[in-house]
Amino acid sequence: MEPFKNADDYVCEELLESCQSFFGGQFWVWYQSAEEVVGKDKTMEIIKQLAHNFAEQEVEFVKTLWGKEFANLKEVAQCFDVIHKMVGYDCTWKMENEYIAYETISDCPVFNAMPDEYQGTGICKIYCDPIGEEAYGNLNCTITRDKYLPDGDSHCGCKIEWKK
């Protein structure tokens, strides 16, 4: 780890990477704190509600960022490529055709920060899947996931389809 520097001595990339790592770790701090206070079952309910609230806010954010309604899947993919890279995903998009795209997420700050005791518990799926389904659903798309980093896959894989 590099020695501490004054704020003005950090380059933008260093600040962004630190923020992304903090974002991933923060999820697990919240999760573990909730589990200690209200137990595992209630925490799962809270995580599902957080996912719903996050999806609603994400839709509003991407619409504001884009500045207009999305006209097609390519526009949705362009916007989410920026959003996902902002939060620290190492992701790539492949447009199969004008109605189908596939996103590969090979690195995720939430997964990277996952404590060992939560590996294989499906918590990422309980949080990420509903966000994707609701957010993309409210943007004229559907999402199908076929790969998951927490399952030992090399990436999270998401097929996004534009509703014709």
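For the structure itself, look to the data block above.
Now for a description of the structure that goes with this document.

Procedures and definitions
- Residues numbered from 1 in each chain as written.
- Predicted model: local features only at pLDDT ≥ 70, side-chain atom pairs only at ≥ 80, totals over all residues.
- Heavy atoms only, no water.
- Helix = DSSP H or I, 4+ residues; strand = E, 2+ residues; numbered from the N terminus.
- Rg over C-alpha atoms; globule rule 2.2 N^0.38 Å.
- Buried < 20%, exposed > 50% of the residue type's maximum accessible area, 1.4 Å probe, protein only.
- Contact = heavy atoms within 4.5 Å.
- Patch = residues over 30% accessible without salt bridge, like charges linked within 9 Å, V, L, I, M, F, W, Y side chains within 5 Å.
- Areas by Shrake-Rupley, 256 points an atom, 1.4 Å probe, with all protein chains shown as cover.
- Salt bridge = Lys/Arg side-chain N within 4 Å of Asp/Glu carboxyl O.
- Pairing = 2+ DSSP bridges.
- Axes fitted to C-alpha atoms, helices over the stretch in contact; angles between N-to-C directions.
- 1 Å grid on protein atoms, 1.4 Å probe; cavity = no way out; pocket = protein on both sides within 12 Å on 5 of 7 lines; lining within 4 Å.
- Points joined across faces, edges and corners; volume = space filled by probe spheres on them.
- Nonpolar A, V, L, I, M, F, W, Y, C, P; charged D, E, K, R; others polar.

1. Quick look at the overall build of the chain
Part 1 of the argument: Along its length, the chain carries five helices and four strands.
Part 2 of the argument: For the chain, the sequential pattern of α-helices and β-strands runs α-α-α-β-β-α-α-β-β.
Part 3 of the argument: The C-alpha radius of gyration of the chain comes to 17 Å, within 12% of the 15 Å expected for a compact globule of 164 residues.
Part 4 of the argument: Considered along the principal axes of its C-alpha atoms, the chain spans approximately 45 × 45 × 30 Å.
Part 5 of the argument: In the chain, which comprises 164 residues, the share counted as buried stands at 37%.
Part 6 of the argument: Within the chain, counting contacts between residues at least 6 apart in sequence, those at least 24 apart form 52% of the total.

2. Notes on the environment of Lys 125
Part 1 of the argument: In this fold, Lys 125 is placed in helix H5 (residues 123–137).
Part 2 of the argument: A C-alpha to C-alpha distance of 15 Å links Lys 125 and Ala 113, two positions 12 residues apart in sequence.
Part 3 of the argument: Dropping the residues within four chain positions of it, Lys 125 is found in contact with Pro 130, Tyr 148 and Asp 151.

3. Describing a nonpolar patch on the surface
Part 1 of the argument: The grouping of Val 37, Val 38, Ile 46 and Leu 50 at the surface amounts to a nonpolar patch, some 330 Å² of accessible area in total.
Part 2 of the argument: Every element with two or more residues in the nonpolar patch is listed here: helix H1 (12–38) and helix H2 (40–66).

4. Thoughts on the sheet that holds strand S1 (residues 90–97)
Part 1 of the argument: In spatial order, the strands read S1-S2-S4-S3; together these four strands make up an open sheet with antiparallel pairing. The two strands at the open ends of the sheet, each matched to only one other strand, are S1 and strand S3 (141–147). In this sheet, neighbouring strand axes are inclined to one another by 20° on average, regardless of whether the strands run parallel or antiparallel.
Part 2 of the argument: Sheet strands touched by H5: S1, strand S2 (100–107), S3 and strand S4 (156–162). Its angle to S3, the strand with the most contacts, is close to 155°.

5. A word on the pairing of S1
Part 1 of the argument: Alignment of S1 against S2, held across seven bridges, turns out to be antiparallel. The residue of S2 that forms the bridge with Asp 90 is Asp 107.
Part 2 of the argument: Between S1 and the antiparallel strand that follows it, S2, lie two residues.

6. Focus on the layout of surface pockets
Part 1 of the argument: Computed from the structure, the largest pocket encloses a volume of approximately 520 Å³.
Part 2 of the argument: Lining the largest pocket are 31 residues, and of these Phe 54, Glu 58, His 84, Tyr 89 and Ile 131 sit closest to its centre.
Part 3 of the argument: Among the elements that line the lining of the largest pocket, the one with the most residues is H5, at eight residues.
Part 4 of the argument: By residue class, the composition of the lining of the largest pocket is 24 nonpolar, three polar and four charged.

7. Considering the pattern of salt bridges
Part 1 of the argument: A complete count under the given rule lists seven salt bridges for this structure.
Part 2 of the argument: The salt bridge involving Glu 14 is made with Lys 5; its shortest N-O contact spans 2.9 Å.
Part 3 of the argument: Among the ionic pairs, Arg 145 bridges to Asp 129, the shortest N-O distance being 2.8 Å. Separated by 16 residues along the polypeptide, Arg 145 in strand S3 and Asp 129 in helix H5 bring together distant segments of the chain.
Part 4 of the argument: Taking relative accessible area as the criterion, Arg 145 reaches 22% and is therefore assigned partly exposed.

Geometric values such as these leave the question of function open.
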